[in-house]
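Chain and residue survey
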Amino acid sequence: MELDEFRSALDAWLDAHAAELAPPFEGTGTLDEQMAQLAKVKGAAYDAGWTRWGWPERVGGLGGSPLLRGYLGEALTLRGLVDPGGYSMVEVLAPTMIDYARPELAAEMVPRLLRGEELWCQGFSEPGTGSNLAALACRAVRDGDAWRVTGQKVWTSFAQYAQRCVLLTRTGPPESAHRGITAMFVDMATPGITVRPLGTMHGGAEFCEVFFDDVSVPLDRTLGEEGQGWSVAMDLLPFERSTALWHRTAFLNRRLEQLLIDASSDSLSAAEIGDVFVQLFALRARSRGTQHRMAAGERLGPETSIDKILLATTEQALFDLVGAALAEDVALGDDTAAEQWRAQYLYSRAATIYGGSAEIQRNIVARRLLDLGAEA
Amino acid sequence: MDAGELELFRSALRQATTNHTGKALEDALDELGWRDALAADRQAAVSTLFELQGEANATSSALDVVMAGRPAVLPPLGSYDQPTVRGLGTYAFANSALDGVTVRPVDGIDPSLGLVEVTGRLPITDVSSWSDAVAAGQLALVHELIGASRAMLELARTHALERVQFDRPIASFQAVRHRLAECLVAIEAAGAAAEAAWEMETPLSAMAAKAVAGRSSRVVAKNCQQVLAGIGFTTEHPFHRYLRRVLVLDGLLGDTRTLTKRLGEELLRTRRLPPLQTL
Ligand SMILES: Cc1cc2nc3c(=O)[nH]c(=O)nc-3n(C[C@H](O)[C@H](O)[C@H](O)COP(=O)(O)OP(=O)(O)OC[C@H]3O[C@@H](n4cnc5c(N)ncnc54)[C@H](O)[C@@H]3O)c2cc1C
């Protein structure tokens, strides 16, 4: 399947099914409603075959270029059918399973994620470990043919909805840093796991604390080898900054266009809106280049930190403008449109925090791309 | 051009731009067949030459060739869209002896660029071909700005690794590292925008790319200057030539501020986004 053919066929299908696919709620909806909408759209897109394109056949895909996945997420986002945050978790977690899980496990699990039958979460951060991921402490010890996991994760997005978790644990001695980390694929229903949703400032409870109390995880759920968890994490992060980022860029385009509709003429200056447009133009161009490198089989690496910096900067520039041009809506409005602007304005504040903070991205650029040697 | 040919072409051009400037550079370009390359593979010929010209701080009238195939008048700073009677030309204009046109050298902040002020009637009357010419010229300037920005970053990067203060290279200080990281992000954004504009071939995308590149070059100039500090403020260090160059190049065929505002006006007029680059 070629991209052009895919694009026109998918567009036609989305037009034909617009009514069924549309969210049944106005504005942002509750988190429960959003998750139900996500599952509905993913299910329909999977059954119609769209979601299977761009994934390898050994995990139930139909093959073809990953650009097809890029376009699918873009089209669903531009039409307001899915929120890119939840939707794009697939783009982050499925490639990790494909690269690091036992082939049978990947073949069994990935289709469930693609179909929207399951949601997975990513358990990296801990109370004592945010930016300094290599210091994580959540402990896993070998016990026969299982790991026993004890510790805590925090800010784990969608953990309360997730059936599985890609978890990073400490299997080496405490001082083993990045060498002593092991990744595993954990069933969230396993006894000993407690999930406590945390309220977020943008509304809802998108993320959670997750507690592990002597949780048993079969050894054959290990992702990669014991002690290879750091590579799993380092290979996963560029995925966050490729297709998922392309989807988020589509979201920003959609919201910029909505801002043009919602804001009154005297609240938007040409200079300000032009500035956001120009940033978005560059971001989209950059992210598109990354999609094509990935499609050509290139291995993505630290250069995707540039994509992430551009995304975070542009997202905040757009919503800074929203905050100014729709100040009354954001600060005082109570209708669904205002609530949506407010939630998105607040969420944009996290763009420089999650997935490696703005400072961490610049550290990567300095060290890995500019080769400036070690920091003082 | 395939990858191998492009590599050869690039190294021949690099020889030319590092060793020559002005008329001598044009002779060198003629000798190595840059015009033939322009006819065969426009993107490769323009992007390669202008990046290298920017990197070497060299000058030539290649912009005239790209824009009109003859000396072109670049309307002055701030207003770029009317082929009217007063504007800037490359130094080649001084020798063009067109009827009814007077030419006066402009030194300004970057005398070595050799711009001239041109007053008189323009040879270009077809407005649609003029807007294509502007887009072509903008894109060439984007690459020249990127080349100059890369050169500034390389100067600052090398300096940061070599300059020792408090018993360590200043490249080990995070404030310095983040400034340099900012520069690379800005340059890569401009590079991506340029690629997009080549692919889209619309006047609007060339404007957007020029706005991105002008803005990026100012970010780079500002941060590199801070890292270079005292040494970079002397005329013995090459930095100042690049700073001068990007300030003038940003102004040619529409500076960032003007182009950004025009794009914004277009958005406010239509209340929708223009067609975006597709995957
Ligand atoms: C909305 C949201 C969703 C999230 N979802 C998930 C998820 O699904 N799974 C998950 O595992 N995590 C998730 N996170 C957590 C996120 O990855 C962390 O918040 C992030 O890595 C930063 O860690 P921290 O909050 O502990 O900040 P810290 O690491 O404590 O940093 C605090 C500040 O210090 C700066 N800083 C730290 N180290 C350096 C340094 N070396 N140089 C310069 N500055 C530095 C940081 O940039 C930051 O500004 C989420 C966070 C948010 C906000």
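Calculation notes
Along each chain, the written sequence defines residue order, and numbers are assigned to residues from 1. The order in which chains are written sets their letters, starting at A; the order in which ligands are written sets their numbers, starting at 1. Given that this is a predicted model, residues contribute local features only at a pLDDT of at least 70 and side-chain atom pairs are listed and counted only at 80 or more, while totals for whole chains, interfaces and linings are drawn from all residues. As a rule here, side-chain values cover all heavy atoms of the structure and leave hydrogens and water aside. Secondary structure is summarised from DSSP: a helix means a run of H or I of at least four residues, a strand means a run of E of at least two, and numbering begins at the N terminus for each. Based on C-alpha atoms, the radius of gyration is set beside the globule rule, defined as 2.2 Å times the residue count to the power 0.38. Buried means the residue's accessible area, taken with a 1.4 Å probe over protein chains only, is under 20% of the maximum for its type, while exposed means over 50%, and partly exposed covers the values in between. Here, residues are in contact when the closest pair of their heavy atoms is within 4.5 Å. Residue burial considers only the protein chains on display, and all accessible areas are found by Shrake-Rupley using a 1.4 Å probe. Just so you know, the count uses Lys and Arg for positive and Asp and Glu for negative, and it drops His and the chain ends. Taken as the charge centre is NZ of Lys, CZ of Arg, CG of Asp or CD of Glu, depending on the residue. As used in this record, nonpolar core signifies buried Ala, Val, Leu, Ile, Met, Phe, Trp, Tyr and Cys residues forming a set joined through side-chain atoms within 4.5 Å. Definition of nearness: a residue and a molecule or strand are near each other if at least one heavy atom of the residue lies within 4 Å of the molecule or strand. Contacts described as polar in this section are N or O atom pairs within 3.5 Å, which, within protein, must combine one atom able to donate a hydrogen with one able to accept it, while residues neighboring in sequence count only if both atoms come from side chains. For this scheme, ten residues count as nonpolar: Ala, Val, Leu, Ile, Met, Phe, Trp, Tyr, Cys and Pro. Four count as charged, namely Asp, Glu, Lys and Arg, and the remainder, Gly too, count as polar. Those domain boundaries reflect an automatic or database domain assignment. When a carboxyl oxygen of Asp or Glu lies within 4 Å of a side-chain nitrogen of Lys or Arg, that pair is called a salt bridge. To estimate how far a helix should extend, the number of its residues minus one is multiplied by 1.5 Å. Note: buried area is the sum, over both parts, of the accessible area (probe 1.4 Å) each one loses when the two are combined.

1. Let's talk about the overall build of chain A
When helices and strands are counted, chain A shows 14 helices and eight strands. In terms of overall size, chain A behaves like a compact globule, its C-alpha atoms giving a radius of gyration of 21 Å where 376 residues would be expected to give roughly 21 Å. Taken along the three principal axes of its C-alpha coordinates, chain A extends 65 × 50 × 40 Å. Out of the 376 residues belonging to chain A, those deemed buried represent 55%. In chain A, the proportion of contacts linking residues at least 24 apart, taken out of those at least 6 apart, comes to 71%. Roughly 14,600 Å² of accessible area belongs to chain A as shown, and the carbon and sulfur atoms make up 52% of that amount. Once the 34 positive and 51 negative side-chain charges of chain A are each reduced to a mean point, those two points are 5 Å apart.

2. Re the nonpolar core
Within the largest apolar cluster, 116 residues are counted, with the highest numbers of intra-cluster contacts made by Leu256, Leu259, Leu268 and Ile273 of chain A together with Trp34, Phe50 and Leu180 of chain B. For this core, the leading source of residues is helix H7 (residues 174-200) of chain B, giving 17 residues. Contacts of Leu256 of chain A, omitting those with residues within four sequence positions, involve Ile273, Val276, Phe277, Leu280 and Leu318 of chain A together with Leu273 of chain B. Residues Trp50, Leu168 and Phe185 of chain A together with Leu279 of chain B belong to the second largest nonpolar core, which totals 59 residues.

3. Focus on the site of the ligand
All names here are of chain A. Taken together, 19 residues surround the ligand, and among them Ser125, Ser131, Trp155, Ser357 and Glu359 come closest. At a separation of 2.6 Å, an oxygen atom of the ligand approaches a polar side-chain atom of Ser357. A distance of 3.2 Å separates a nitrogen atom of the ligand from a polar atom in the side chain of Asn363. For the ligand, whose accessible area on its own is 960 Å², the fraction buried by protein is 67%. The residue makeup of the shell around the ligand, split by class, is eight nonpolar, ten polar and one charged. Each of two domains, domain 2 (122-227) and domain 3 (241-369), supplies a minimum of three residues to the shell around the ligand.

4. Observations concerning the pattern of salt bridges
For the structure shown, the criterion picks out 39 salt bridges over all chains. Two residues, Arg14 of chain B and Glu55 of chain B, come together in a salt bridge whose shortest N-O distance is 3.2 Å. With Arg14 of chain B in helix H1 (residues 3-19) and Glu55 of chain B in helix H4 (residues 42-56), the pair connects residues that are 41 residues apart, well separated along the chain. Here the residues in one salt-bridge network are Glu108, Arg112, Glu118, Arg164, Asp187 and Arg221 of chain A, joined through shared partners.

5. Brief notes about helix H10 (residues 256-270) of chain B
Residue and element names in this part refer to chain B. In this model H10 runs 21 Å from its N-terminal to its C-terminal C-alpha over 15 residues, within 8% of the 21 Å that 1.5 Å per residue would give. Taken together, the buried positions of H10 are occupied by Thr256, Leu259, Thr260, Leu263, Gly264, Leu267 and Leu268. Where H10 terminates, the next one or two residues include Arg271, which has phi positive at roughly 55°.

6. Comments concerning the domain arrangement of chain A
Residues and elements named next belong to chain A. Structurally, chain A comprises domain 1 (3-118), domain 2 (122-227) and domain 3 (241-369). Taken residue by residue, the interface counts 17 residues in domain 1 and 15 residues in domain 2. Buried surface at the junction of domain 1 and domain 2, both sides included, amounts to about 1,400 Å², of which 69% is carbon and sulfur. At the junction of domain 1 with domain 2, the criterion picks out two salt bridges. Here Asp220 and Arg102 are joined by a salt bridge, their closest N and O atoms 3.6 Å apart. Counting across the interface, domain 1 meets domain 2 through four residue pairs in polar contact (both at pLDDT 80 or more). At the level of elements, helix H3 (31-47), helix H5 (84-87), helix H6 (89-100) and helix H7 (103-115) are the ones that each hand at least two residues to the side of domain 1 that touches domain 2. It is H6 that provides the largest number of residues to the side of domain 1 that touches domain 2, a total of five residues.

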